[in-house]
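Residue strings, one per chain:
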Amino acid sequence: VQLVESGGGLVQPGGSLRLSCAASGFTFSRYAMNWYRQAPGKERELVGTITSAGGCENYLDSVKGRFTISRDNAKNTVYLQMNSLKPEDTAMYYCYVQMWIYKYWGQGTQVTVSS
């Protein structure tokens, strides 16, 4: 199983970024996919989940209405569209999948929101 995030970078407050997570090594369409983030000195937190059927759930309250998770099963890729970014969104963003007792993380992609 491999999860590879991309799309992070430096963006000004109010800007947008779209993160991607390319998955391989498993039947992507069968599993819910998750985005997490971790800011320096803070616990890793769940940003949101997209089910295998494409339904989105568990959005972090602070990102509701600004972030959207989507997936393309043909490309084995999950996305995190982030709009109206704020400095407090600065964090390392990780893709995560759990299959039974097995948990897999990507290496993360850094998002920095700063003027």
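Residues numbered from 1 in each chain as written. Predicted model: local features only at pLDDT ≥ 70, side-chain atom pairs only at ≥ 80, totals over all residues. Heavy atoms only, no water.

Summarise the state of the cysteines; cite the residues concerned and give the values.
Applying the stated criterion across every chain, the model contains 1 disulfide. Through a disulfide, Cys-21 is tied to Cys-95; the S-S separation comes to 2.2 Å. Residues Cys-21 and Cys-95 are joined by a disulfide whose S-S torsion is about -85°; by sign, that bridge is left-handed. Note that Cys-21 is positioned in strand β3 (residues 17-24) and Cys-95 in strand β9 (residues 91-99), a separation of 74 residues in sequence. The exposure class of Cys-95 is buried, given its relative accessible area of 0%. Distance from the sulfur of Cys-56, which forms no disulfide, to the nearest cysteine sulfur (Cys-95) is 13 Å. Residue Cys-56 is classed as partly exposed on the basis of its relative accessible area of 35%. (Disulfide = S-S within 2.5 Å. Helix = DSSP H or I, 4+ residues; strand = E, 2+ residues; numbered from the N terminus. Buried < 20%, exposed > 50% of the residue type's maximum accessible area, 1.4 Å probe, protein only.)

Report on the nonpolar core, specifying residues and quantitative values.
In terms of nonpolar packing, the biggest core is built from 30 residues, with Phe-26, Met-33, Trp-35, Val-78, Leu-80, Met-82 and Tyr-93 touching the most fellow members. Listed by contribution, the elements that provide at least two residues to this core are β3, β4 (33-38), β5 (45-50), β7 (67-72), β8 (77-82), β9 and β11 (109-113). Among the elements that take part in this core, β9 stands out by supplying 5 residues, more than any other. (Core = buried A, V, L, I, M, F, W, Y, C linked by side-chain atoms within 4.5 Å.)

Give me the sheet that holds β3: which residues, what numbers.
Pairing is antiparallel in the open sheet, where 4 strands are placed in the order β1-β3-β8-β7. Two strands bound the open sheet, and with one partner strand each, they are β1 (2-6) and β7. Going across the sheet, the axis of each strand differs from the next one's by a mean of 15°, ignoring polarity. Pairing of β7 with β8, which is carried by 6 bridges, proceeds in the antiparallel orientation. Bridge pairing in β8 links Ile-69 to Leu-80. (Pairing = 2+ DSSP bridges. Axes fitted to C-alpha atoms, helices over the stretch in contact; angles between N-to-C directions.)

Let's hear about a nonpolar patch on the surface: which residues, and what values?
Taken together, Trp-100, Ile-101 and Tyr-102 make up a surface patch of nonpolar side chains, about 450 Å² in accessible area. Following the sequence through the fold, Tyr-102 ends up in strand β10 (residues 102-105). When its relative accessible area of 46% is taken as the criterion, Tyr-102 is described as partly exposed. (Patch = residues over 30% accessible without salt bridge, like charges linked within 9 Å, V, L, I, M, F, W, Y side chains within 5 Å. Areas by Shrake-Rupley, 256 points an atom, 1.4 Å probe, with all protein chains shown as cover. Salt bridge = Lys/Arg side-chain N within 4 Å of Asp/Glu carboxyl O.)

I'd like to hear about the pairing of β10, residue by residue, with values.
Two faces belong to every sheet, and in a regular strand the side chains alternate between them. Both β9 and β10 contribute to a ladder of 4 bridges, which runs antiparallel. What sits directly across from Val-97, in β10, is Tyr-104. Between β9 and β10, which pair antiparallel in sequence order, lie 2 residues; one of them, Trp-100, sits at a positive phi of approximately 55°.

Any chance you could break down the packing of aromatic side chains for me, citing the residues and the numbers?
Applying the stated rule across the entire model yields 7 aromatic pairs. Pairing Tyr-31 with Trp-100 gives two aromatic rings, centres 6.2 Å apart and planes at 80°, and the pair type is edge-to-face. Placement of Tyr-31 in the loop between β3 and β4 and of Trp-100 in the loop between β9 and β10 is noted, with a sequence separation of 69 residues between them. For Trp-100, a relative accessible area of 68% puts it in the exposed group. For the pair Tyr-36 and Tyr-96, a centre-to-centre distance of 5.4 Å together with 75° between the ring planes defines the contact as edge-to-face. Residue Tyr-36 is located in strand β4, and its partner Tyr-96 is located in strand β9; the two are separated by 60 residues in the primary sequence. Judged by relative accessible area, which is 7%, Tyr-96 ranks as buried. (Phe/Tyr/Trp six-rings, centres within 6.5 Å; stacked < 30°, edge-to-face > 60°.)

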